[in-house]
Amino acid sequence: MTANPPEHTGRRDLDPHLARYAARTAGMTASEIRALFAVASRPEVVSLAGGMPNLAALPLDSLSSQVGEIIAEDGLAALQYGSAQGVPVLREQICEVMALEGINAHSDDIVVTVGSQMGLDMVTRLFCDPGDIVLAEGPSYVGALGSFAAYQAKVVHVVMDDQGLVPEALREALAQAEKAGQRVKFLYTIPNFHNPAGVTLAVERRAEILAICRAHGVLVVEDNPYGLLGFDGQTYPALRSLDPDNVVYLGSFSKTFASGLRVGWVLAPHAVREKLVLAAESATLCPPTFNQLIVSRYLATHDWQGQIKTFRENYRERRDAMLSALEQHLPAGCSWTNPDGGFYVWVTVPEGVDTKAMLPRAVTARVAYASGTGFYADGFGSRQMRLSYCYPTPERIKEGVRRLAAVLESEMDLVRTFGNVSMRAIPGPETPAPDTA
């Protein structure tokens with residue numbers, strides 16, 4: 001039998017396939033920055049929105065030569081299908097990278113992915129049934145919220161402060177879920193240089209949070225793309241290093257090498273690894289062998305730790321420019337985080353200002369940012385914005401903040417004159433895009 005076609009109502013539907021979509025597509029909404037991206041990407045607009053790494057310091061001449069060598073020396077293998085788990089030599093090198101954060105891993109427990117976003121999607125697919133609870137910091141990474149929504153999981157946010165996730169708030173969230181008879185499948189956390197909040201989970205809280213999750217039978221999913229980008233060179237102990245049997249670790253070369261290659265990985269307990277390989281086969285068949293070999297050759301022949309040090313210095317200079325400009329230009333009543341690594345500053349604006357409503361006016365003033373509502377699953381965040389300092393030059397950052405401050409001043413004048421101008425919050429995460437990575 002075939003499904004009956006949608007009835008004609010006499011009106012012209014914008015999407016004739018609307019009645020055919022699966023129920024899980026109902027929560028998919030586009031990022032407002034994506035909608036404005038054609039304008040925000042113009043050279044006259046200072047974009048403080050996107051999380052694009054600054055790749056100018058990469059040794060492109062050397063890399064281009066090595067790409068040619070891979071084709072010449074191993075082209076038939078590099079351009080062929082490969083294993084769904086990933087190239088063995090790269091998995092061994094990934095173990096060496098993770099060792100910098102105290103992780104003792106075996107390459108057999110690593111699955112290479114097309115960016116860590118694929119790993120996050122697979123983990124959610126494996127563990128979440130519709131209606132299951134995922135705990136996540138509030139705010140949280142927009143790409144994670146999109147994956148959770150796609151599999152119809154319900155996100156419960158857990159409060160953070162300047163020291164990261166608050167253990168007592170985690171206990172309360174778990175107790176409330178258990179009282180309501182809800183199944184909490186995992187805690188999703190970005191412990192180091194959080195996206196979007198810019199804070200780092202205090203070392204003394206890490207073991208406590210892991211103990212809480214283990215006591216309640218809750219898995220921990222640790223997303224750590226920024227862990228090697230601490231501005232003072234410090235690396236924090238990975239959650240995975242403290243509890244290997246209850247932590248699934250997501251890693252990526254997007255922030256420490258080249259985001260366009262889309263090479264990430266998942267380190268999982270052995271039984272979970274088996275299912276991840278099956279999920280990877282159904283999603284992509286196999287990650288691109290060529291891209292993996294480029295990363296592997298880079299790790300084997302370049303001073304990649306020295307390159308990360310150069311990235312850290314570049315991003316620290318940009319962070320300093322951002323904080324200095326915020327202090328100089330933003331009006332009274334604003335506050336912001338002080339990141340010690342990573343890409344982002346999280347700004348809170350005065351009561352009555354809605355950063356989502358303000359965004360089109362900011363773009364008109366030739367500056368863009370990511371409004372806070374995209375980083376919550378429940379409509380909160382209207383007084384917050386994420387500012388990214390990773391890509392623009394320090395001079396552009398300072399000019400962007402100056403423009404943003406002028407827009408904020410105008411918005412605050414409107415609030416003083418007409419009262420609260422906040423838009424009604426529309427709950428639900430936004431579909432991730434490169435500009436909100």
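Everything that follows concerns the structure shown earlier in this document.
The rules behind the values
Residues numbered from 1 in each chain as written. Predicted model: local features only at pLDDT ≥ 70, side-chain atom pairs only at ≥ 80, totals over all residues. Heavy atoms only, no water. Helix = DSSP H or I, 4+ residues; strand = E, 2+ residues; numbered from the N terminus. Buried < 20%, exposed > 50% of the residue type's maximum accessible area, 1.4 Å probe, protein only. Areas by Shrake-Rupley, 256 points an atom, 1.4 Å probe, with all protein chains shown as cover. Core = buried A, V, L, I, M, F, W, Y, C linked by side-chain atoms within 4.5 Å. Contact = heavy atoms within 4.5 Å. Phe/Tyr/Trp six-rings, centres within 6.5 Å; stacked < 30°, edge-to-face > 60°. Pairing = 2+ DSSP bridges. Axes fitted to C-alpha atoms, helices over the stretch in contact; angles between N-to-C directions. Parallel < 35°, antiparallel > 145°, perpendicular 65-115°, else oblique. Left-handed = near helix turned anticlockwise from the far one by under 90°. Nonpolar A, V, L, I, M, F, W, Y, C, P; charged D, E, K, R; others polar. Expected span 1.5 Å × (residues − 1).

Peer 1: For this particular structure, what's the right way to read the overall build of the protein?
Peer 2: Counting secondary structure elements, the protein contains 15 helices and 14 strands. For the protein, with 437 residues in total, the buried portion stands at 54%. Per element, the accessible surface of the protein, about 19,400 Å² overall, is 54% carbon and sulfur.

Peer 1: When you look at the nonpolar core in this model, what are you seeing that I'm missing?
Peer 2: A general tendency of soluble globular proteins is for nonpolar side chains to be buried together. Counting residues in each nonpolar core, the largest one holds 73 residues, and the members touching the most others are L90, F253, F257, M322, L326 and L387. Counting residues per element, this core draws most heavily on helix 13 (residues 304–329), which supplies nine residues. Non-local contacts of F253, meaning those with residues more than four positions away in its chain, are made with L90, I94, V97, A258, V263, W265, V295 and L299. Membership of the second largest hydrophobic core comes to 38 residues, among which are A153, L276, V277 and A370.

Peer 1: How should I be thinking about the packing of aromatic side chains in this particular structure?
Peer 2: For any pair of aromatic rings, the description consists of the separation of the ring centres together with the inter-plane angle of the planes. Tallied over the entire structure, the rule returns twelve aromatic pairs. Their ring planes at 75° and their centres at 5.6 Å tell us that F148 and Y188 sit as a pair that is edge-to-face. Linking F148 in helix 6 (residues 142–150) with Y188 in strand 6 (residues 184–189), this pair joins segments that are 40 residues apart in sequence. An identical accessibility class is assigned to F148 and Y188; each is buried. One aromatic cluster is present, formed by Y226, F311, Y315, F343 and Y344 through successive ring pairs.

Peer 1: Sorry, what's going on with the sheet that holds strand 10 (residues 335–336) here?
Peer 2: Backbone hydrogen bonds are what pair the strands of a sheet, in a parallel or an antiparallel way. Pairing within the open sheet is antiparallel, and its four strands lie in the order 10-11-14-13. Sheet topology places strand 10 and strand 13 (370–371) at the edges, where each strand pairs with a single neighbour. Bridging between strand 13 and strand 14 (residues 384–388) involves two bridges; their strand directions are antiparallel. Paired with S371 across the bridge in strand 14 is M385.

Peer 1: Teacher, can you tell me more about the packing of helix 4 (residues 88–99) against helix 12 (residues 289–301) here?
Peer 2: A pair of packed helices is characterised by two quantities: the angle between their axes and the separation of those axes. Look at helix 4 against helix 12: their axes get within 9 Å of each other, and the N-to-C directions meet at 50°. Here helix 4 is positioned oblique relative to helix 12, judged by the angle of their axes. You can see that helix 4 and helix 12 cross each other, and the crossing is left-handed. Seen from helix 4, the contacting residues are V89, L90 and Q93; seen from helix 12, they are Q292, V295, S296, L299 and A300. Considering only residue class, the contact of helix 4 with helix 12 consists of five nonpolar, three polar and no charged.

Peer 1: I tried to follow the environment of F343 on my own but got confused; where do I start?
Peer 2: Assignment of secondary structure puts F343 in the loop between strand 10 and strand 11 (344–348). Judged by relative accessible area, F343 falls into the buried class, the value being 0%. With 27 residues separating them along the chain, F343 and R316 place their C-alpha atoms 9.2 Å apart.

Peer 1: I'm lost on the sheet that holds strand 6 in this one. Help?
Peer 2: Reading across from one edge, 2-9-8-7-6-3-4-5 is the order of the eight strands in this open sheet, with mixed pairing throughout. Looking at which strands have only one partner, the edges of the open sheet turn out to be strand 2 (110–113) and strand 5 (164–165). The sheet contact formed by strand 4 (residues 154–161) and strand 5 spans two bridges and is antiparallel. In the strand pairing of strand 5, M160 is matched with L165. Across the sheet, helix 7 (residues 167–179) lies against strand 3 (133–138), strand 4, strand 5 and strand 6, angled at about 155° from strand 4, the strand it touches most.

Peer 1: Help me understand the pairing of strand 14, please; the structure alone is not making it clear to me.
Peer 2: Across a regular strand the side chains alternate sides, sitting on one face of the sheet and then on the other. By the criterion of burial, strand 14 is predominantly enclosed, with five of the five residues buried. Side chains Q384, R386 and S388 of strand 14 all project onto a buried face; the interleaved residues M385 and L387 project onto the opposite face, where all are buried too. Alignment of strand 11 against strand 14, held across five bridges, turns out to be antiparallel. By the bridge assignment for strand 14, V345 is matched with L387.

Peer 1: So what exactly am I meant to see when it comes to helix 4 here?
Peer 2: Turn by turn, an α-helix covers 3.6 residues, leaving residues three or four places apart pointing in a common direction. In a regular helix each residue adds 1.5 Å, so twelve residues correspond to 16 Å; helix 4 covers 17 Å between its end C-alpha atoms and thus fits that length. Here helix 4 has its buried residues at L90, R91, Q93, I94, C95, V97 and M98. Close packing links the buried residues of helix 4 with strand 2, strand 8 (247–252), strand 9 (264–267), helix 12 and helix 13.

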